[in-house]
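Topology and contacts: notes
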Amino acid sequence: MAPVKFGSTDIIAAYSRIRGQQRWFWANTQATDPARLRFSLAHELGHAVLHWERIADPVVVDAETEAHHFASAFLMPADEIKRQLNRVTPNLANLTRVATQWQVSVQALVMRAKQVGSLSAAEHAGVWRMLNARGLAKAALVDVHPEPPGVLASLLALHREEHGHDDAAIAEMTGLPLARLQDLMPSLFPIRQTRRLRAV
Ligand SMILES: [Zn+2]
């Protein structure tokens, strides 16, 4: 997974595609809502698991809904969500506490709670009424910690430090121009290299 500037904070938070034998996930470094970014990445993972291998499968009716459902289930396991929500009143304080523990938005939790049967249709509607009445329907209510992707950077650092590949070789290997790598991982590909540093 690579962090990329998508050019806007507003458009989709993540994107994925197959390139040759490689599967790439792109995360928008400008996404301002970490909960949304996390959910979007789980959604892309859903496409990778559910859809990339069954290209000829005619059963996929709505891949977007499926990927969304996957993300929801992946980030909020049904049994745990039920166990935690079934014993508390679904007020804002309790929902925020559970959402914080799972590092998801309150809104995503509310939808999941209905899916798994922790909120009845009437309770679910009541929670949305409450959020709307307080102007919180789209608010970021949970302090979600951003999780910057690290595997690609450490993999490339390993190629350089341990295997002695230079920038040109790494650009060739990844299929990304050096300027792009400098943009993506400025600490690993400083624009002006005065001296090769070794990790200690
Ligand atoms: Zn999608």
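Reference entry: report on the structure contained in this document. (Residues numbered from 1 in each chain as written. Predicted model: local features only at pLDDT ≥ 70, side-chain atom pairs only at ≥ 80, totals over all residues.)

**Concerning the nonpolar core**
Ranked by size, the top nonpolar core spans 30 residues in total, and within it Phe-39, Leu-75, Ala-99, Val-104 and Leu-109 carry the most contacts. When residues of this core are traced back to their parent elements, those giving at least two are β3 (22-28), α1 (34-50), α2 (63-75), α3 (78-85), α4 (92-102) and α5 (106-115). Residues within four places of Phe-39 in sequence aside, it is in contact with Ala-71, Leu-75, Val-104 and Ala-108. Among the nonpolar cores identified, the runner-up in size contains five residues, and Leu-156, Ile-170, Leu-181 and Leu-184 belong to it. (Core = buried A, V, L, I, M, F, W, Y, C linked by C-beta atoms within 7 Å. Buried ≥ 20, exposed ≤ 12 C-beta atoms within 10 Å, placed from the backbone. Helix = DSSP H or I, 4+ residues; strand = E, 2+ residues; numbered from the N terminus. Contact = placed C-beta atoms within 7 Å.)

**Description of the environment of Phe-39**
Within the secondary structure, Phe-39 sits in helix α1. Exposure remark for Phe-39: the 24 C-beta atoms within 10 Å place this residue in the buried category. Measuring from C-alpha to C-alpha, the distance between Phe-39 and Leu-75 comes to 7.7 Å, with 36 residues separating the pair along the chain.

**Observations concerning α2**
For α2, with 13 residues, the first-to-last C-alpha span of 18 Å sits near the 18 Å given by 1.5 Å per residue. Within the sequence span of α2, burial applies to Ala-67, Phe-70, Ala-71, Ser-72 and Leu-75. Buried residues along α2 sit against α1, α4 and α5. (Expected span 1.5 Å × (residues − 1).)

**Side note on the environment of Ala-168**
Relative to the helices and strands, Ala-168 resides in helix α8 (residues 167-174). Spatially, the C-alpha atoms of Ala-168 and Leu-178 are 7.0 Å apart, while their sequence positions differ by ten residues.

**Comments concerning the packing of α1 against α2**
In contact at an axis separation of 7 Å, α1 and α2 are set at 115° when each is read in the N-to-C sense. Note that α1 runs across α2; the crossing there is right-handed. Residues Arg-38, Phe-39, Ala-42, His-43, Leu-45, Gly-46, His-47, Val-49 and Leu-50 of α1 form the contact with α2, whose participating residues are Ala-63, Glu-66, Ala-67, His-68, Phe-70, Ala-71, Phe-74 and Leu-75. Counted by class, the contact of α1 with α2 contains eleven nonpolar, four polar and two charged residues. (Axes fitted to C-alpha atoms, helices over the stretch in contact; angles between N-to-C directions. Left-handed = near helix turned anticlockwise from the far one by under 90°. Nonpolar A, V, L, I, M, F, W, Y, C, P; charged D, E, K, R; others polar.)

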